[in-house]
Structures are given as structure tokens and as C-alpha cells.
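Understanding the architecture of this molecule
Next come the chains, spelled out residue by residue.
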Amino acid sequence: MIPVAEPVLTDEDLQSVQDALKRGEISGSFGIALKQFEEEMAAYAGCKHGIAVSSGTTALHLAVDAAGIGDGDEVMMSSSTNIATALAAYHNGAVTVPIDSEDTTWNLDLDLVEPLITPKTKAIIPVHLFGHPVDMDRLMAIAKKHNLVVIEDCAESHGATVRGRMTGSFGDMGCFSFYANKIVTTGEGGMVVTNDDKLAERLRLLRNLAFGTPRFLHQVAGYNFRMTGYQAALGLPQVRRLESIVAEKRRIAQTYNKALEGVAGLRLPVELPWARNVYWMYAITVEPAFGKTRDQLMQYLAKHGIETRTFFCGMNQQPFLRAQPGYRDIPNPVADRLWTTGLYLPSAVNLQQASIEQISERIRLARTEA
Ligand SMILES: Cc1ncc(COP(=O)(O)O)c(C=O)c1O
């Protein structure tokens, strides 16, 4: 089976972990690897501070808490996202307001944001889906006008830029994931980046059980969301070669683009003129003209040893969110359609050109073969 994702770790990555372990950097409380990883990832993302945590999910949870968002507040977010984005609001007592997708980039449709703002709306979480950035210049202007906190979900967008500026550096905070299938991986892991000194201090406090003075007197309720030193050591060399990882992702996308050009009924990923798409995963949608449904195509490819995954189910369809007091039933027809028509193809950075051509040929054959 050609997998949708595969971690590619170098000897240098492994050596870095071994070195950290030999230095005794087994916890998330001390050591040089953690500090270096935080500093270099934050700098890469164009931010002053990086606060490493245990996952992308906990990064988002921590960011929402640090922003002071809580009971009854409304948090707008891209409907088409990993459930982790909504969990960050939910576990802080806030209500998710799902914003439908646009048809081109599949990111949240900025035209829909302003009419949905109420006095309860406190924050917005744009998700840079599959590596294509949201137009953050436009989003920040809306957020400024309505005094909204902006938390960028950069789980899929390491290195993606908007008019040359890195995702993660626009909002009050940016949240990265370093899960096994991400552009930089520490196995499990995440990071909040910010340029705000006060937020950084609060994020660090909350991440580490909110120890006080004296140490065991706690003014606020914190979390243990720490990342270990040896995980940071795994991520550090990857941050240093991030531009070359992004170049590989872009090479894969260009190869697919060429191989799948002109296939009736397939819509391929876009890159708007102001954007650098990092193509975390090469995602496509299957339209009626293809002649087979998305599910039929996935089954056909699986039969031929090619793994695929569907797009996300929109936040407007999640039963536990819909059952939350204060939830507003907002239709998301585009996100609904993407959930049934979208899939992504194998996109690991070690995927060879021949494999991409073979996968693309299979997709062409799927139109006519049973
Ligand atoms: C858009 C998005 N947000 C958040 C997450 C959560 O990250 P993690 O799996 O590291 O908790 C993921 C992926 O896993 C994601 O794709």
C-alpha cells in the first residue's frame, strides 16, 4: 500500500534525539533542545516566542485559554477542519460558529464572517487547510474592526506564506502540530507562536501546571501540556531544513498537477497569486463528470494498493457541538459538499515521481474500469 503519509527521518534527526537523551533531556522542563526548537521554529514562523506543547490539539486549547475565552463566548472557525480546532473552544466552554468554505482554496469564506458576528463573538480561528493559506491580510482587517482575537491553526501550513509573510505571524497566536504526518514531526507535539510578550508568559505558565510563588501555590488552573526535550531534539533539524521539505512538497504537487491535468471531473488544488501553498497533502475533489463517486474512486485505488483519505466532516455536522447550549445552526453547503467529494492522495516527501505517475494513471483508469 502506498501510504498517504510517511515520516521521513534522517540520520541527523536520530542523532539529535540520541544526543538529547544522553544529556538527560527526557522531560519538558529543562534542556537545551527544547529552548532551541522553540526559538528556531518561532523565528522561522516570523514570531518572537514559541511555546512547545504536547500536540496541535493542546496548542489550540492553550491558546484559547490564554486569550481569556470562556463560557458562552462564540469562536468562529473554518468549518472544514480537524475536530481539534472545535475542541479548543469546547473544552474552554466556548461555542463554535462554523464558517463555510470557499470553493477555490477550501478555506473559510471571508465574505461570510462579518454578517455572523454577534456581541458574543470573541475570536476567530482560520485554518490554513492542506497547506493553502487563508488571506490573512483581509482576515486581520475584519478582526481588527470587530476586536476579535485571531488564533491561526497552522497544523497543516508550516512554511505557507501570504504575500511573502509566514502563516502563524499574523494572528495574536499561531498553533502548529508536529504529529507524525505533519510537515515537521516530533511524533506527537505542537507549538504556539506569538509576538505578544504577555501572551507568551501566560502560555508558558498555563502549559506547566501554573506553578506559582511559592512554587506549589497556584493562582490559576493550568495544564501539563509539556513537550519532552528529546521530542524537541527530533524536530530541531527538521526546522533547519524546513525550506527543503517545503520544496519537496511543492515538487510532489507540481508532478501531480501535470499528471492529472485535464482529467474530466477532477478539481485540483489551487495556489492563489498571493499565496505559497505548501501542499501538506495533495487534495482533490471528485465532481459528477468524473463518472465515479469519491467513495468509488477511493475503493478502486485501495484495491490497487493506494491509500487515500477523505476531507474533514464540517463542524456544522458534529453532534456534540450541535448539542451545546447556544449553538447556532448555520448552513455550510460547501463544507458539506467537500466532505462527500474531497479526498487526498499519497503525499509523503519521499514519494517518487514514478509513484505519482502510477497513482495518476490509476485515477485516469478508474473513470472507465470497474
Ligand atoms: C487543522 C488541524 N488542526 C489541529 C490538528 C491537531 O493536531 P494534533 O494531531 O497534533 O493534536 C490537526 C491534525 O492533526 C489538524 O490537521
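Use the structure listed above.
This report concerns the structure included in the present document. (Residues numbered from 1 in each chain as written. Predicted model: local features only at pLDDT ≥ 70, side-chain atom pairs only at ≥ 80, totals over all residues. Heavy atoms only, no water.)

A few words now on empty space enclosed by the protein. The final tally for this structure, using the stated rule, is one cavity of 30 Å³ or more. For the largest cavity, the lining is made up of 13 residues, of which Trp106, Phe130, His132, Pro269 and Asn277 are closest to its centre. (1 Å grid on protein atoms, 1.4 Å probe; cavity = no way out; pocket = protein on both sides within 12 Å on 5 of 7 lines; lining within 4 Å. Points joined across faces, edges and corners; volume = space filled by probe spheres on them.)

The next subject is helix H1 (residues 11-22). The periodicity of an α-helix, 3.6 residues per turn, causes residues three or four places apart in sequence to face the same way. Over its twelve residues, H1 runs 16 Å from end to end, which matches the ideal 16 Å to within 8%, given 1.5 Å per residue. Listing the buried residues of H1 in full gives Asp13, Ser16, Val17 and Ala20. An end-on view of H1 places all buried positions within 95° of arc, on one side of the element. Across H1 from its buried face, at more than 90 degrees, point the exposed residues Asp11, Glu12 and Lys22. (Helix = DSSP H or I, 4+ residues; strand = E, 2+ residues; numbered from the N terminus. Expected span 1.5 Å × (residues − 1). Buried < 20%, exposed > 50% of the residue type's maximum accessible area, 1.4 Å probe, protein only. Arc of directions from axis to C-beta.)

Using the criterion set out here, one finds eleven aromatic pairs in the structure. Judged by centre distance (6.4 Å) and plane angle (85°), the rings of Trp106 and Phe130 are edge-to-face. Taken together, the residues span a long stretch of sequence, with Trp106 in the loop between strand E3 (95-99) and helix H5 (113-116) and Phe130 in the loop between strand E4 (121-125) and helix H6 (136-145) at a distance of 24 residues. Judged by its relative accessible area of 6%, Trp106 is buried. For Phe130, a relative accessible area of 4% puts it in the buried group. Above the face of the Phe170 ring, Arg165 is positioned so that its terminal group lies 4.2 Å from the ring centre. We note Arg215 situated over the ring of Phe211; from NZ or CZ to the ring centre the distance is 3.8 Å. (Phe/Tyr/Trp six-rings, centres within 6.5 Å; stacked < 30°, edge-to-face > 60°. Lys NZ or Arg CZ within 6 Å of the ring centre and 35° of its normal.)

Taken as a whole, the largest pocket spans an internal volume of roughly 390 Å³. In this structure, the largest pocket is lined by 25 residues; those nearest its centre are Asn82, Glu156, Tyr179, Lys182 and Phe312. For the lining of the largest pocket, the leading source of residues is helix H3 (residues 56-66), giving three residues. Taken together, the residues that form the lining of the largest pocket break down as ten nonpolar, ten polar and five charged. (Nonpolar A, V, L, I, M, F, W, Y, C, P; charged D, E, K, R; others polar.)

With that settled, the discussion passes to the sheet that holds strand E10 (residues 266-267). Reading across from one edge, E10-E12-E14-E13 is the order of the four strands in this open sheet, with antiparallel pairing throughout. Edge positions in the open sheet fall to E10 and strand E13 (309-310), since each of these has one partner strand only. Relative to strand E14 (residues 342-345), strand E12 (residues 282-286) is paired through four bridges, and the arrangement is antiparallel. Among the inter-strand pairings, Ile284 is bridged to a residue of E14, identified as Leu343. Each of E12, E13 and E14 touches helix H10 (residues 294-303); the most contacted strand, E14, lies at about 25° to it. (Pairing = 2+ DSSP bridges. Contact = heavy atoms within 4.5 Å. Axes fitted to C-alpha atoms, helices over the stretch in contact; angles between N-to-C directions.)

Further remarks concern unusual backbone geometry. Put simply, Thr213 and Pro214 share a cis peptide bond, and its omega is -5°. Positionally, Pro214 belongs in the loop between helix H7 (197-207) and helix H8 (229-240). The backbone of Phe130 shows a phi angle near 55°, a positive value even though the residue is not glycine. A positive phi angle is found at Ala210, which is not glycine, with a value near 50°. Mapped onto the elements, Ala210 comes out in the loop between H7 and H8.

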